[in-house]
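Working through the structure, step by step
Each chain, written out:
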Amino acid sequence: MKLFKLAAFAIAALSLALPLQAQTVDPLWTKTLAHSALVKKWAPEEKTMRIDASGDDKNERVKVRARLKGWDNGKPIYDTVQIEPKPEPGKSSKGQTEMNDANNMTDELMRMNAPVKRTDGQLLHGKSWTMFDVAESKGPVNVSVRLWVDPVTGVAHHVESKLRGTLMFDMFMATSYMPHKLAGSLPERSEFRLKVLVPFVDAKVNILSSMDNWVPRPN
């Protein structure tokens, strides 16, 4: 669905227009940013995605499993070891590019001078966390990120991000983290939802992902 490429265009435009703001940086936010940078030094050996897509009066349900096969300048390269049902020749699964765009969107707000709002003592999954909210907008595009982090270490427990482009798209992504000895925590599973808001277009994508056996990226 080429209409989904509107998401990538909007994210690029937003990143160029993000304002620089002078403010005192919360020490815990600094720790959260350091943890976010540390997570990027790891990659899962195995990824599984369950994709549900609808549009053009069609419904698709696909399961994809990929395994790490090597590295390209520190970037993980994956082999698809299972895909059910098998796609038609020349046809790829929907939503994966848009999910990557949602991750890039989160990265744009993970910076020192972001307009962060902190709320302590927020209960989630039976524990108390510090919650950080970051939101920015430019023209028709609104983006926000909410993080539940350890109140002492700043290590992430759960992250939710949203991106909405008026008359274009509505994206939501939630990522849950698992404790990890060396990295503090690493993503374990995520849920991604995309709805196209273009008039007279009815298209949706839902992706459930799991990530296993994380390994450090080569230096």
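Criteria and thresholds
Residues numbered from 1 in each chain as written. Predicted model: local features only at pLDDT ≥ 70, side-chain atom pairs only at ≥ 80, totals over all residues. Heavy atoms only, no water. Helix = DSSP H or I, 4+ residues; strand = E, 2+ residues; numbered from the N terminus. Buried < 20%, exposed > 50% of the residue type's maximum accessible area, 1.4 Å probe, protein only. Contact = heavy atoms within 4.5 Å. pLDDT = per-residue confidence, 0-100. Phe/Tyr/Trp six-rings, centres within 6.5 Å; stacked < 30°, edge-to-face > 60°. Lys NZ or Arg CZ within 6 Å of the ring centre and 35° of its normal. Expected span 1.5 Å × (residues − 1). Polar contact = N/O pair within 3.5 Å; in protein donor to acceptor, adjacent residues only side chain to side chain. Salt bridge = Lys/Arg side-chain N within 4 Å of Asp/Glu carboxyl O. Core = buried A, V, L, I, M, F, W, Y, C linked by side-chain atoms within 4.5 Å. Pairing = 2+ DSSP bridges. Axes fitted to C-alpha atoms, helices over the stretch in contact; angles between N-to-C directions.

1. Things to note about the overall build of the chain
- Across its full length, the chain holds 3 helices and 10 strands.
- Put simply, the chain runs from its N terminus to its C terminus through helices and strands in the order α-α-β-β-β-α-β-β-β-β-β-β-β.
- Per-residue burial over the chain gives 42% buried out of 219 residues.
- Partitioning the contacts of the chain with sequence separation of at least 6, the portion at a separation of at least 24 is 53%.

2. Observations regarding the confidence of the model for the chain
- Taken residue by residue, the chain gives an average pLDDT of 86. The fraction at 70 or more is 84%.
- Contacts of residues 1–6 to residues separated by more than four positions or lying in other chains number 15 contacts, the stretch itself having pLDDT below 50.
- Of the regions scoring below 50 in pLDDT, residues 9–22 engages in 22 contacts with residues more than four places distant in sequence or in other chains.

3. A short note on the packing of aromatic side chains
- Within this structure, the stated rule accounts for 1 aromatic pair.
- Each ring, one from W29 and one from F132, has its centre 5.1 Å from the other, and the planes form 70°; the classification is edge-to-face. With W29 in helix α2 (residues 27–39) and F132 in strand β5 (residues 127–138), this residue pair connects regions lying 103 residues apart in the sequence. Across the pair, exposure class does not vary: W29 and F132 are buried alike.
- Sitting over the ring of Y78, K47 keeps its end group 4.1 Å from the ring centre.

4. Structural notes on α2
- With 13 residues, α2 extends 19 Å from end C-alpha to end C-alpha; this agrees with the ideal 18 Å at 1.5 Å per step.
- The backbone nitrogen of L28 lies 2.8 Å from a side-chain oxygen of the residue at the head of α2, namely D26.

5. Considering the side chain of T32
- By the element assignment, T32 lies in helix α2.
- Ignoring any residue separated from it by four or fewer positions in sequence, one finds T32 in contact with M110, F132, L147, V149 and G154.

6. Comments concerning the pattern of salt bridges
- All chains considered together, the criterion is met by 12 salt bridges.
- K40 serves as the salt-bridge partner of D107, at 3.3 Å between the closest nitrogen and oxygen. One end of the pair, D107, is in helix α3 (residues 96–109); the other, K40, is in the loop between α2 and β1 (42–55), and 67 residues separate them in sequence.
- Residue K40 is classed as partly exposed on the basis of its relative accessible area, which comes to 41%.
- Several salt bridges converge on common partners, so that one network encompasses D26, R118 and D120.

7. Some remarks on the nonpolar core
- Counting residues in each nonpolar core, the largest one holds 38 residues, and the members touching the most others are W29, L147, L163, F192 and I207.
- At 5 residues, strand β6 (residues 141–149) tops the list of elements feeding residues into this core.

8. Re the sheet that holds strand β9 (residues 184–196)
- Strands sit in the order β3-β2-β1-β10-β9-β8-β7-β6-β5-β4 across an open sheet of 10 strands; the sheet is antiparallel. The two strands at the open ends of the sheet, each matched to only one other strand, are β3 (75–84) and β4 (116–124). Looking at each pair of strands side by side, their axes are set apart by 20° on average, direction ignored.
- Sheet topology places strand β8 (residues 169–180) next to β9; 12 bridges connect them, and they run antiparallel. Considered in β9, the bridge of P179 is made with S185.

9. Considerations on the environment of I51
- Within the fold, I51 resides in strand β1.
- With relative accessibility at 3%, the residue I51 sits in the buried group.
- The spatial distance from the C-alpha of I51 to the C-alpha of V62 is 5.1 Å, given a sequence separation of 11 residues.

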